[in-house]
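Chain by chain, the residues run as shown.
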Amino acid sequence: MITTQPLSRHRAFTLVEILIVVVILGILASIVIPQFSNATSQSKASATASVVRTVQAKIFESFATTGAYPETIDNDWFVEGSVPINPLAATQRSPVMLYDTAATAEVTHPATKTVAATGAFWYNPTNGTIRALVPDTGTDAEKLELYNTANATSVASLTATTD
């Protein structure tokens, strides 16, 4: 006599279970993705701060040898023959400098702190101050925080021109 055993049923995922997993993954992605975006912005601000320190050091070296701040930033001061690029100025493919020849020695920050068509950096030749400009995106508080991080400053507003 032959006995037959019942066939075991293979259990598969139902459509509802799959949809629940997709929804959970979507929620997790919506939490994690902004964190990566913020980290990218912070890393660009840190890289920009490094560029500002490098250019500022070259300005001070020039001041030490000549006794005066240079009227312009000399590309020959840098290894690659040009001022390093501002990582926050994504639209600027070259290190465009905005020279503020109307500024006085008391002015240590540009009146406009966002990247303009005319420049990705701001330089005051009367006091040797260099500042990186930031993208014109986000709220004013976000722009101000990014500006202060990129320039290692603590300016109180986007329109302030002194500390």
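Above this note sits the structure.
This is a predicted model, so every value here is computed, not measured.

Colleague: What is the right way to look at the nonpolar core in this model?
Modeller: Generally speaking, nonpolar side chains in soluble globular proteins are found buried as a group. Formed by 19 residues in total, the largest nonpolar core has its most connected members in Val 55, Ile 73, Val 83, Met 97, Phe 121 and Ile 130. Elements supplying a minimum of two residues to this core: helix H1 (15-66), strand S2 (121-124) and strand S3 (129-132). Contacts of Ile 73, omitting those with residues within four sequence positions, involve Val 55, Ile 59, Phe 78, Val 83, Met 97, Tyr 99 and Tyr 123. Of all hydrophobic cores here, the second largest spans 9 residues; its members include Ala 45, Leu 146, Tyr 147 and Ala 160.

Colleague: Sorry, what's going on with the pattern of salt bridges here?
Modeller: In a structure, side chains of opposite charge can pair up when their charged atoms sit close to one another. This structure, assessed with the given rule, holds 2 salt bridges. Put simply, Asp 136 and Lys 143 hold a salt bridge, and the shortest N to O gap is 2.7 Å. For the salt bridge of Asp 140 with Lys 143, the shortest nitrogen-to-oxygen distance reads 3.4 Å. Here Asp 140 and its partner Lys 143 are both found in helix H2 (residues 140-151), 3 residues apart, which amounts to about one turn of the helix. Sharing partners across several salt bridges, the network here consists of Asp 136, Asp 140 and Lys 143.

Colleague: Mind showing me how you'd approach the pairing of S2 here?
Modeller: In the case of a regular strand, side chains alternate between the two sheet surfaces. Burial along S2 is two-sided: Phe 121 and Tyr 123 facing one way and Trp 122 and Asn 124 facing the other are all buried. Sheet analysis places strand S1 (residues 97-99) next to S2, joined by 3 bridges and oriented parallel. Within the sheet, the bridge partner assigned to Tyr 99 lies in S2 and is Tyr 123. Direction of pairing for S2 relative to S3: antiparallel, over a ladder of 4 bridges. Bridge pairing in S3 links Trp 122 to Arg 131.

Colleague: Help me understand the side chain of Asn 86 in this model?
Modeller: You can see Asn 86 is positioned in the loop between H1 and S1. With a relative accessible area of 2%, Asn 86 lands in the buried category. Within the local environment of Asn 86, its side chain forms a polar contact with the backbone oxygen of Ala 120, the two atoms lying 2.8 Å apart. Aside from chain neighbours lying at most four places away, what touches Asn 86 is Thr 48, Ala 120, Phe 121, Ala 132 and Leu 133.

Procedures and definitions
- Residues numbered from 1 in each chain as written.
- Predicted model: local features only at pLDDT ≥ 70, side-chain atom pairs only at ≥ 80, totals over all residues.
- Heavy atoms only, no water.
- Core = buried A, V, L, I, M, F, W, Y, C linked by side-chain atoms within 4.5 Å.
- Buried < 20%, exposed > 50% of the residue type's maximum accessible area, 1.4 Å probe, protein only.
- Helix = DSSP H or I, 4+ residues; strand = E, 2+ residues; numbered from the N terminus.
- Contact = heavy atoms within 4.5 Å.
- Salt bridge = Lys/Arg side-chain N within 4 Å of Asp/Glu carboxyl O.
- Pairing = 2+ DSSP bridges.
- Polar contact = N/O pair within 3.5 Å; in protein donor to acceptor, adjacent residues only side chain to side chain.

On their own, these measurements won't tell you what the molecule is for.
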